[in-house]
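# Structure at a glance
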Amino acid sequence: QVQLVESGGGLVQAGGSLRLSCAASGRTLSTYNMAWFRQAPGKEREFVAAISWTGGNTYYTDSVKGRFTISRDNAKNTGYLQMNSLKPEDTAVYYCAASNWDAAVTRTSADFRSWGQGTQVTVSS
């Protein structure tokens, strides 16, 4: 299994930006689809964005379309989530996740077998 470590979270004012990183080790990230999920206090973990192992296909939940961009740099074994125009409702712990390249890219957390420990994003109003 690939090991994942997120970074880049923090406190930002509404309207601001953050870029989350997901560094992979143990296996080459190029053989995995990647996704970002988030979990706010008292709520279930929800899908945010996903990217295929080639980087050719990306998927977003409606609430972040046009504001967030998922990307990957396989040469650096790292994935990213650029978050712009942040809103207080984006406050959550953000997790990156990976699934094998031959699996369908889904929005279901159970389909992703490798997870990072999460990074806190707090957006103040």
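Residues numbered from 1 in each chain as written. Predicted model: local features only at pLDDT ≥ 70, side-chain atom pairs only at ≥ 80, totals over all residues. Heavy atoms only, no water.

## Here's the deal with the pairing of strand 11 (residues 119–124)
- Of the two faces of strand 11, only one is covered, namely that formed by Thr119, Val121 and Val123; the face formed by Gln120, Thr122 and Ser124 stays uncovered.
- Taken together, the four bridges between strand 2 (residues 10–13) and strand 11 define a ladder with parallel strand orientation. Across the sheet, the residue bridging to Val12 is Val123, located in strand 11. (Buried < 20%, exposed > 50% of the residue type's maximum accessible area, 1.4 Å probe, protein only. Helix = DSSP H or I, 4+ residues; strand = E, 2+ residues; numbered from the N terminus. Pairing = 2+ DSSP bridges.)

## Concerning the state of the cysteines
- Across all of its chains, the model carries one disulfide by this definition.
- Disulfide pairing places Cys22 opposite Cys96 at an S-S distance of 2.1 Å. Across the disulfide from Cys22 to Cys96, rotation about the S-S bond amounts to roughly 60°, and the bridge is consequently right-handed. Of this pair, Cys22 sits in strand 3 (residues 18–25) while Cys96 sits in strand 9 (residues 92–100), placing them 74 residues apart in sequence. Each of the two residues, Cys22 as well as Cys96, counts as buried. (Disulfide = S-S within 2.5 Å.)

## What to know about unusual backbone geometry
- You will see that Asn77, though not glycine, has its phi angle at about 55°, which is positive.
- With respect to the secondary-structure elements, Asn77 resides in the loop between strand 7 (68–73) and strand 8 (78–83).
- Backbone geometry at Ser85 places phi at a positive 50°, although glycine is not the residue there.
- Structurally, Ser85 can be placed in the loop between strand 8 and strand 9.
- Judged by relative accessible area, Ser85 falls into the partly exposed class, the value being 39%.

## Some details on the sheet that holds strand 8
- Reading across from one edge, 1-3-8-7 is the order of the four strands in this open sheet, with antiparallel pairing throughout. Every other strand in the sheet has two partners, leaving strand 1 (3–7) and strand 7 as the edge strands with one partner each. Across the sheet, the mean angle separating the axes of adjacent strands is 15° when strand polarity is ignored.
- Pairing geometry for strand 7 and strand 8, over six bridges, is antiparallel. Residue pairing for strand 8: Ile70 is matched across the bridge by Leu81. (Axes fitted to C-alpha atoms, helices over the stretch in contact; angles between N-to-C directions.)

## Examining the packing of aromatic side chains
- By the definition in use, this model includes five aromatic pairs.
- With centroids separated by 5.1 Å and ring planes inclined at 50°, the aromatic side chains of Phe37 and Trp115 adopt a geometry described as tilted. Residue Phe37 is found in strand 4 (residues 32–39), and its partner Trp115 is found in strand 10 (residues 114–115); the two are separated by 78 residues along the sequence.
- Take Phe37: its relative accessible area is 1%, and that puts it in the buried class.
- Using a relative accessible area of 26% as the deciding quantity, one classes Trp115 as partly exposed.
- Judged by centre distance (5.5 Å) and plane angle (65°), the rings of Trp53 and Trp101 are edge-to-face. With Trp53 in the loop between strand 5 (46–51) and strand 6 (58–60) and Trp101 in the loop between strand 9 and strand 10, this pair connects stretches of sequence that are 48 residues apart.
- What makes Trp101 partly exposed here is its relative accessible area of 46%.
- Each residue in the set Phe37, Phe47, Tyr95, Phe112 and Trp115 is aromatic and connected to the rest through ring pairs, giving one cluster. (Phe/Tyr/Trp six-rings, centres within 6.5 Å; stacked < 30°, edge-to-face > 60°.)

Scope: geometric values only; no functional claims are made or implied.
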